[in-house]
Amino acid sequence: RTASTNEAGIFRFPILSLGTYSVTVEHAGFKRSAQTGIRLLAGQTSTINFRLEPGSPNEEVTVTSDAAIADASKFDVGRHLSSREITNLPLVSRNPRNFILLQPGATGRSVSSPLVINLSSNGLLRRVGYQLDGSYNNEADLGGFHLVFVSETFVKEMQLFSSGYSAEFGDTAGTVVNFITPSGTNRFNGTLSYLLRPNRLSAKPFGFIGDGRDPNSDGRIFIGTVGGPIIRDRWHFYAGYERARLNIPQIIRISAANRVGLINAGVPAATLQDPTATDTLPYLIFRTDLQLSERTRIAFRYNRFDHDLRKALSFGIGSVNTTERSFDLLGWSHAIAGQAVTSVSETFFNEFRFQRAERISGNFANDSTGTGPSINITGAASLGPAPNVGVLGKNQSTIDLRNTVTKVFGRHSLKTGGGINFIRDTAELPSSRQYDFNSVEAYRLAATGDNRRSYSRYTETFGDPRLPMNVIFANLFVQNEWKATQRLKISAGLRFDLYTPPDAEPDSPLPFSRKFRSDANNFAPRLGIAFLLRDGKYRTVLRGGGGVHYDPPFLNYYRRALQNNGNPRFLTFGVSPNDPRNSCAAPEFPNTLVSLPPCATPELPDIDAVSPDFSTMYAVHSNIQAEQALGENMSVTGGYLYSIGRHIPVYRNINYLPSGRTLADGRPVYDGSGRLYPDFDLVLMSEAVGNLAYQGFFVQLNRRISGGFQLNGSYTFSKAKDDAPEALPGSLSASDPSDRSRDLASSAGDVRHTLRLSSIANPRIRTSSKVGNALLNGYQVALIVFADSGETQNIVTNLDLNLDGVFGSTGPDRPVGIPRNSLRLPAFFSVDMRLSRSFKLKETLSFEISGEATNLFNSKILSNYNSIVLNANHVDTATGLLRGPLPDFSSGPVTWRASRQMQIGLRLSF
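A brief structural summary. (Residues numbered from 1 in each chain as written. Predicted model: local features only at pLDDT ≥ 70, side-chain atom pairs only at ≥ 80, totals over all residues. Heavy atoms only, no water.)

What to know about the nonpolar core
- Of all hydrophobic cores here, the largest spans 39 residues; its most connected members are Leu-81, Leu-89, Phe-99, Ile-100, Met-158, Val-177 and Phe-179.
- Contributing elements (two or more residues each) for this core: strand E8 (128-132), strand E10 (157-163), strand E11 (175-180), strand E13 (219-231), strand E14 (235-249), strand E15 (276-291) and strand E37 (779-788).
- With 28 residues, the next largest nonpolar core counts Leu-313, Ala-380, Tyr-458 and Phe-573 among its residues. (Core = buried A, V, L, I, M, F, W, Y, C linked by side-chain atoms within 4.5 Å. Buried < 20%, exposed > 50% of the residue type's maximum accessible area, 1.4 Å probe, protein only. Helix = DSSP H or I, 4+ residues; strand = E, 2+ residues; numbered from the N terminus.)

Structure, rendered in structure tokens:
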């Protein structure tokens, strides 16, 4: 590339490929000046300053160094992970989303599978904007889930932004995660890898009881990549394939007494033996880049992932499911993407992106899956097929089109553009034929024929569970980066987001469900300032900024409002055998109804709705930072983060009127005797009314690779409070429908202390002996350290204390005097490690042997207390007061995070 400076001496090379560059400056009457070794990471702007010396252009002054470590062009808070880190940091799971936790302001749990991590950013739970090469990669129905799965084979670098990012980025109120895929170069290169996870090298899962057998967690992974030129300097390709086959031990946590009772009721003993699931995970990617002309570059990418999980009981270790509840999770996801970059002139550029992505998955029966209806014995066991077996639970596709124009003039770089995303969702809701029993003995009576109606409730669904939805997400933005002086840089932008909801049913029985509101007021200003306070080797950079960030509403809110709007599209009928109105419709176990009996008198229907004034959730993020260089390759940054969240969706029942009675803390009691809409029982409405406040102080250390050693670390002290109980859409609701302030407490993402460290070291030891040098060198040690002060948990009852009807008679309402999320899990410390030794076989051929472990020291990390649900023995049902002190939750059953897992690997690189 060649460019000329303007009258202010400023030059720019926009939209460069990732890699290492050299820059040479020439001018008549001055010595030629060159700087080499400038590494450009994803989304990074490197500022390189030159001072020309008088002399002949034939003379050259060459400096070999990277851009200054304290970056005066950076405005955001986050991390950039280089290809060296992606390849060499420990990652037994092969899931690069675990790296998202290596940034300030982010908390959560790493995972040992391809699933998403449980992430909180700036106190907001599951608010993540996933991108793949800058294109949209989110599930639109739920927060925090990605549409197309990626593995390390798909990723060259990662951009992570938690605050301060420009108006170009959006579609989330939380963290932006952009995965950059690899591309070929002018040299043929590739890898062949084999990873082995022997069961004997991994620790037994915590809490494992088993049936006399050791758990089987063997795994084998094959990886192959290749890239290179098709036409040198013009056309390159990259291809990668990965296939993993993993065994997943599972534990059936049914007590010994209940096992005896189930066998006496005729349940085969084989269904109570701990099964092992097998997961087969193939990944494929192909990418090609072509310099179509002197001014135009294009790229094309195809990637695919297939999921083949056999005989799964539940995600995670431990459940009361028998093997009759096992299912096969089958599905696939793929994406076809293209990019075109055109240089209209030296100062005018256009970038166009296209991606079509799709994911389909469902749960299907296998030879262990039970037949007949589902059977749930409260707190004891689950028999028969799960309600979601045979259901295509995920069927979503997106077509994402984006275009950006960049114009450089004077001291300004103006970028403007926008995008439109067409989303189609045709998932199915689970169909249900389920018997509920209060005890194993009640089930025995029904199973043996002594009392075919000993169940507490029978539920069956009728109608069509499919509901196609089409929505459009669109955005426009303008962003100007102004180099006001040699030391001051200002970034100002404005973004507009529009999220159109699906079409409502015009004949919905509830009047305000006949049309969904489209919020067209989503303007998001952004501002960033970077000031070079002191230049030189120990430069000091001050930064600050803030902005508004909108979060698209989850489609699941609208799906529920369409599916459960009171029309008989998809009807759920429940009956108790002792209900005098419907005793004629109560089947004898194990029969099902197939159709609604003529004698049935259905209860008033429960419906879901979206508030007629539903607004788009947004967050306002702001930050102040100071970065101090400690040398040419190390800096430390200290900063303050402040965020507020507004319009967070919360569910509550709006139909019941207060009865006049209250609990001991003043919460109104509702008994259903008075209704706002008499034709319905519950009207569970999603309202965008929740608020959040987050503040955090962080320190971030960055030592880039130098002398074979690299280190990144951050410590964050933070606090987050909200009044929005929204674990998943509809899984929690307001504890007092009349007063949201009763839910104001620590948020689900409130983790006070968070420490993250990652390092890669290639120690170099020089001796006078060639043999000694060969034996002592070639090793690499990589570490990731996680330390948190503990997450929150909510203490609830299995009682509907305020009788608002939400979740039926099982609550879950909080007892009086117990704030939301008041229980803290213990602090934890965990280390992941990778040790490798490389051997150079030829100049372009090397061999590596490695061993890596997650949770190296087998730290026993508590995931959650299983028995935090209080019953009538603990809580007075009339007042809501505790009958005594809280029980010791740690003495009951608990769930632990994964124990130590280890794998060894061989890699041939050429």
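Considerations on the pairing of strand E23 (residues 433-437)
- Taking burial as the measure, the five residues of E23 include four buried ones, the bulk of the element.
- Strand direction decides the pairing type here: strand E19 (residues 374-377) and E23, joined by four bridges, are parallel. Each residue of the ladder has a partner; that of Asn-376, found in E23, is Asp-436.
- Here E23 pairs with strand E24 (residues 457-463) via four bridges, running antiparallel. (Pairing = 2+ DSSP bridges.)

Some thoughts on the sheet that holds strand E1 (residues 19-25)
- The three strands lie next to each other as E1-E2-E3, forming an open sheet whose pairing is mixed. Every other strand in the sheet has two partners, leaving E1 and strand E3 (60-64) as the edge strands with one partner each. Adjacent strand axes in the sheet meet at a mean angle of 15 degrees when their direction is disregarded. (Axes fitted to C-alpha atoms, helices over the stretch in contact; angles between N-to-C directions.)

As for the packing of helix H2 (residues 256-264) against helix H3 (residues 440-447)
- Interaxial distance between H2 and H3 falls to 9 Å at its minimum, and their mutual angle equals 10 degrees. In terms of axis orientation, H2 runs roughly parallel to H3. Two secondary-structure elements touch here, H2 through Asn-258, Gly-261, Leu-262 and Asn-264 and H3 through Val-440, Tyr-443 and Arg-444.
- In terms of residue class, the contact of H2 with H3 is made up of three nonpolar, three polar and one charged. (Parallel < 35°, antiparallel > 145°, perpendicular 65-115°, else oblique. Contact = heavy atoms within 4.5 Å. Nonpolar A, V, L, I, M, F, W, Y, C, P; charged D, E, K, R; others polar.)

A word on the environment of Val-875
- Within the secondary structure, Val-875 sits in the loop between strand E44 (869-870) and strand E45 (894-896).
- For Val-875, a relative accessible area of 0% puts it in the buried group.
- The sequence separation of Val-875 and Gly-384 amounts to 491 residues, and the corresponding C-alpha distance is 33 Å.

Here's the deal with the sheet that holds strand E5 (residues 106-109)
- The three strands are arranged E5-E6-E7 in an open sheet whose pairing can be described as antiparallel. Unpaired on one side and paired on the other, E5 and strand E7 (124-125) mark the two borders of the sheet.
- Where strand E6 (residues 118-121) and E7 come together, two bridges link them in antiparallel fashion. Bridged to Ser-120 within E7 is Leu-125.

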